[in-house]
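# Summary of structural features
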Protein chains: 2
Amino acid sequence: MAIRKSKTPQSPTQRADQKRVDILKSAGKCFRKTGFHQTSMQEICTEVGLGPGAVYRYFTSKDAIIAAMAEDERRQARTLLSEFHDTEDLPQALSAITRAFARRYAAISDAGLMTEIYAEGLRNKRVGAVIKTAETEWVDGLADMLRTAQERGQIDQALDAQAAALLLTAMWDGIVIRQAYTPELPEAMLALFDDMLKRWLASASVSAAPAGGKRTKPAPAPKAAAPVAEPQLDLSPAPVAEKPLTQAEIDLRQMSLI
Amino acid sequence: MAIRKSKTPQSPTQRADQKRVDILKSAGKCFRKTGFHQTSMQEICTEVGLGPGAVYRYFTSKDAIIAAMAEDERRQARTLLSEFHDTEDLPQALSAITRAFARRYAAISDAGLMTEIYAEGLRNKRVGAVIKTAETEWVDGLADMLRTAQERGQIDQALDAQAAALLLTAMWDGIVIRQAYTPELPEAMLALFDDMLKRWLASASVSAAPAGGKRTKPAPAPKAAAPVAEPQLDLSPAPVAEKPLTQAEIDLRQMSLI
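Computed from a prediction, not measured in an experiment: that's the story for all the values here.

Looking now at the environment of Ala-134 of chain B. Residue and element names in this part refer to chain B. By secondary structure assignment, the location of Ala-134 is in helix α7 (residues 125-151). On the basis of relative accessibility, which here comes to 6%, the residue Ala-134 falls in the buried class. C-alpha of Ala-134 to C-alpha of Asp-156: the two residues are 22 residues apart in sequence and 27 Å apart in space. When residues no more than four places from it in sequence are discounted, the contact partners of Ala-134 are Arg-74 and Arg-78.

Looking now at the pattern of salt bridges. Under the defined criterion, the tally for this structure stands at 33 salt bridges over all chains. With a shortest N-O distance of 2.3 Å, Glu-135 of chain A and Arg-178 of chain B are connected by a salt bridge. Within this pair, whereas Glu-135 of chain A is found in helix α7 (residues 125-151), its partner Arg-178 of chain B is found in helix α8 (residues 161-181), the two belonging to separate chains. Residue Glu-135 of chain A is classed as buried on the basis of its relative accessible area of 5%. The shortest N-O distance in the salt bridge between Asp-86 of chain B and Arg-152 of chain B comes to 3.6 Å. Remark: Arg-152 of chain B occurs in the loop between α7 and α8 and Asp-86 of chain B occurs in the loop between α4 (62-83) and α5 (90-104); sequence separation between them is 66 residues.

With 51 residues of chain A at the interface, the matching set in chain B holds 52 residues. Here chain A packs against chain B, burying approximately 4,300 Å² in sum over the two surfaces, 70% of which is carbon and sulfur. On the chain A side of the contact with chain B, Leu-122, Arg-123 and Tyr-181 of chain A bury the most area, a combined 19% of that side's loss. Linking chain A to chain B there are seven salt bridges. The interface formed by chain A and chain B includes 16 residue pairs in polar contact (both at pLDDT 80 or more). At the level of secondary structure, the elements contributing two or more residues to the side of chain A that touches chain B comprise α1 (12-34), α6 (108-123), α7, α8 (161-181) and α9 (186-201) of chain A. For the side of chain A that touches chain B, the element with the most residues is α8 of chain A, which contributes 14 residues.

Bringing the nonpolar core into the picture now. One finds Ile-65 and Trp-200 of chain A together with Ile-65 and Trp-200 of chain B to be the most contacted residues of the largest nonpolar core, which totals 146 residues. Filtering out sequence-adjacent residues up to four positions away, Ile-65 of chain B remains in contact with Ile-23, Leu-24, Ala-27, Phe-31, Met-41, Ile-44 and Phe-59 of chain B.

Now for the packing of aromatic side chains. One pass over the full model with this rule turns up eight aromatic pairs over all chains. On the numbers, 5.1 Å between centres and 90° between planes, the contact of Phe-31 of chain B with Phe-36 of chain B is edge-to-face. Comparing Phe-31 of chain B with Phe-36 of chain B shows no difference in burial state: the two are buried. Here the aromatic rings of Trp-138 of chain B and Trp-172 of chain B are separated by 6.1 Å at their centres, their planes lie at 65°, and the arrangement is edge-to-face. One end of the pair, Trp-138 of chain B, is in helix α7; the other, Trp-172 of chain B, is in helix α8, and 34 residues separate them in sequence. Note on Trp-172 of chain B: relative accessible area 4%, which makes it buried. Aromatic ring contacts, followed pair by pair, group Phe-101, Trp-138 and Trp-172 of chain A into a single cluster.

Note that Thr-169 of chain B resides in helix α8. By relative accessible area, Thr-169 of chain B is classed as buried at 1%. Only 2.9 Å separates the side chain of Thr-169 of chain B from the side chain of Trp-138 of chain B, close enough to count as a polar contact. Ignoring sequence-local partners within four residues, the contact set of Thr-169 of chain B consists of Arg-178 of chain A together with Arg-74, Trp-138, Val-139 and Leu-142 of chain B.

What follows covers α5 of chain B. With 15 residues, α5 of chain B should cover 21 Å at 1.5 Å per step; its first-to-last C-alpha distance of 21 Å lies within 8% of that length. Among the 15 residues that make up α5 of chain B, 14 are buried, leaving the element largely enclosed by the rest of the structure.

With that settled, consider the UniProt feature "DNA-binding region" (unreviewed entry) in chain A. Mapped onto this numbering, the UniProt entry gives "DNA-binding region" (unreviewed entry) at residues 40-59 of chain A. The span residues 40-59 of chain A carries 75% helix and 0% strand; its end-to-end C-alpha distance comes to 13 Å.

Now for the confidence of the model for chain A. Low pLDDT means the predicted atomic positions in that stretch should not be read closely. Summing up the model confidence of chain A, the mean pLDDT is 75 and the portion of residues at 70 or higher is 73%. Taken element by element, the predicted model of chain A shows its lowest mean pLDDT in helix α10 (residues 247-255) of chain A (43) and its highest in helix α2 (residues 41-48) of chain A (96).

Once that is clear, we can look at the relation of the copies chain A and chain B. Mapping chain A onto chain B calls for a screw motion: a turn of 180° about the axis and a shift of 0.0 Å along it, with 0.0 Å RMSD after fitting. Taken together, these values place the two copies in the relation of a two-fold axis. Considering only C-alpha atoms, the part of chain A nearest the rotation axis is Gly-174 of chain A, at 1.8 Å.

So, on to the environment of Asp-194 of chain A. Summarising the element assignment, Asp-194 of chain A is placed in helix α9. Since its relative accessible area comes to 5%, Asp-194 of chain A is described here as buried.

Here the focus is the domain arrangement of chain A. Residue and element names in this part refer to chain A. Domain parsing of chain A yields domain 1 (11-60) and domain 2 (71-211 + 242-258). Both faces considered, domain 1 and domain 2 share a buried interface measuring about 870 Å² in area, 53% of it formed by carbon and sulfur atoms. Its largest share of buried area at the contact with domain 2, domain 1 owes to Lys-25, Arg-32 and Phe-36, together 52% of the area lost on that side. For the interface between domain 1 and domain 2, the tally reads two salt bridges. As a salt-bridge pair, Arg-20 and Asp-72 come within 3.3 Å of each other at their nearest N and O atoms. For the interface between domain 1 and domain 2, the tally reads four residue pairs in polar contact (both at pLDDT 80 or more). Broken down by class, the residue content of the side of domain 1 that touches domain 2 amounts to four nonpolar, four polar and three charged.

Take the packing of α4 of chain B against helix α6 (residues 108-123) of chain B next. Describing two packed helices takes the angle between their axes plus the distance from one axis to the other. Residues and elements named next belong to chain B. For the pair α4 and α6, the least separation of the axes is 11 Å and the interaxial angle reads 115°. Where α4 crosses over α6, the two elements pack in a sense that is left-handed. Residue-level inspection shows Ile-66, Met-69, Ala-70, Glu-73 and Arg-74 of α4 in contact with α6, the latter providing Met-114, Ile-117 and Tyr-118.

Rules used in this analysis
Residues numbered from 1 in each chain as written. Chains lettered and ligands numbered in written order. Predicted model: local features only at pLDDT ≥ 70, side-chain atom pairs only at ≥ 80, totals over all residues. Heavy atoms only, no water. Helix = DSSP H or I, 4+ residues; strand = E, 2+ residues; numbered from the N terminus. Buried < 20%, exposed > 50% of the residue type's maximum accessible area, 1.4 Å probe, protein only. Contact = heavy atoms within 4.5 Å. Salt bridge = Lys/Arg side-chain N within 4 Å of Asp/Glu carboxyl O. Buried area = accessible area lost by both parts, 1.4 Å probe. Polar contact = N/O pair within 3.5 Å; in protein donor to acceptor, adjacent residues only side chain to side chain. Core = buried A, V, L, I, M, F, W, Y, C linked by side-chain atoms within 4.5 Å. Phe/Tyr/Trp six-rings, centres within 6.5 Å; stacked < 30°, edge-to-face > 60°. Expected span 1.5 Å × (residues − 1). UniProt positions renumbered as here; feature names shortened; annotations may be inferred. pLDDT = per-residue confidence, 0-100. Least-squares fit on C-alpha atoms with pLDDT ≥ 70 in both. Domains from an automatic or database assignment. Nonpolar A, V, L, I, M, F, W, Y, C, P; charged D, E, K, R; others polar. Axes fitted to C-alpha atoms, helices over the stretch in contact; angles between N-to-C directions. Left-handed = near helix turned anticlockwise from the far one by under 90°.

Structural data, given as structure tokens:
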């Protein structure tokens, strides 16, 4: 099924961006259904409703498509991170990020595609290089956020921020895989994760946040940092929202390309 | 290159077991090199030095091979777990398990193959069913270990052992992926992970283990629970041991089939 075209008038640049997004979304559908290696460029062309010439103008190969997906996923995650950069409650912000990831990859097919992208990146140099660069930027951004919280006395100042950022990233990756295999248990596990992070980040010298209170309401996402000129997509199939979403969660899903 | 045959006389059952192991190891080599989907059964036959008839007697398809790999990996991990079941220092045991996993998947190609198996399990029903069963057994075993530690007053008795076991598994999975992408940073990250688990598992009511002391020496692996009739494999290429390995680490590597 071809992507529904937007009805609002678009500039040539907007049209180009939109086509790129359409191709990525259609490729994502194909990959989720039959896997990266079993999908041909022709199937992607059929799915998006464009000829090979039009598709190859944007992406010269399947590798280029999967590399672009990996990059876009992390870029979107960085935008999420930037929304929380000035948080006054880091454990709460990390909790919101955890839930944003959990919801982003709640569909088994999305978790599977992300896992497949990681596996591909370990074998395929082009995809691997893109992932490594994107990951370095992500981990550095997260470490920066931790350092800011340290300077403000919010968390243990003795913590190695860079290693902690790497560990957090590892744990989030693991939760994505785990959730795909045991979808029925996420909330109990996520609550434990929050609790573990709280105990970990709190220092003996900093007064630890109270165990209860303050946890019922998610930290409000600052309105200032609007996502950068991302085309508004018709997300189909739209995931069923069973709980009200935080602003951060909504943003991550709207930005999703795969 | 065909697997070197053992020179000691073997019973027919031992020979059958050995052939199964040879096929799995050869398939693992092929998968690591070119990926699961790009490897043909014929390439596996060539690698192991057996005809298609002999290989198909053990495995009717590539799916059956990858399902067997997934199952064997988790079975080996469960054997590791059983060695620590009666530990008197759970955080130390978890630390040893973390390092056993880190060493097991220190080679990028091994981490990549494990990630690919996970991705395949999310799409392929046969592989997925095997992984789900094996994972359930693993998580239940880990939860049981946590409950024993709770009964002995070693860790926080209020902890939800089942959810904690799932979370630990998620984090270990994530560390495998992360290490593959950032091999230069494992020890700082693993040390942080140990510290985080210690703080998490310690209860206010239980006297927390002292921060120093007791950590220099790994918990001795009980000699009683010998691994079940595992064929002794000629591991080539043998990974270079830079540090002395704990008993648990040695066992996991000897048992490795992929």
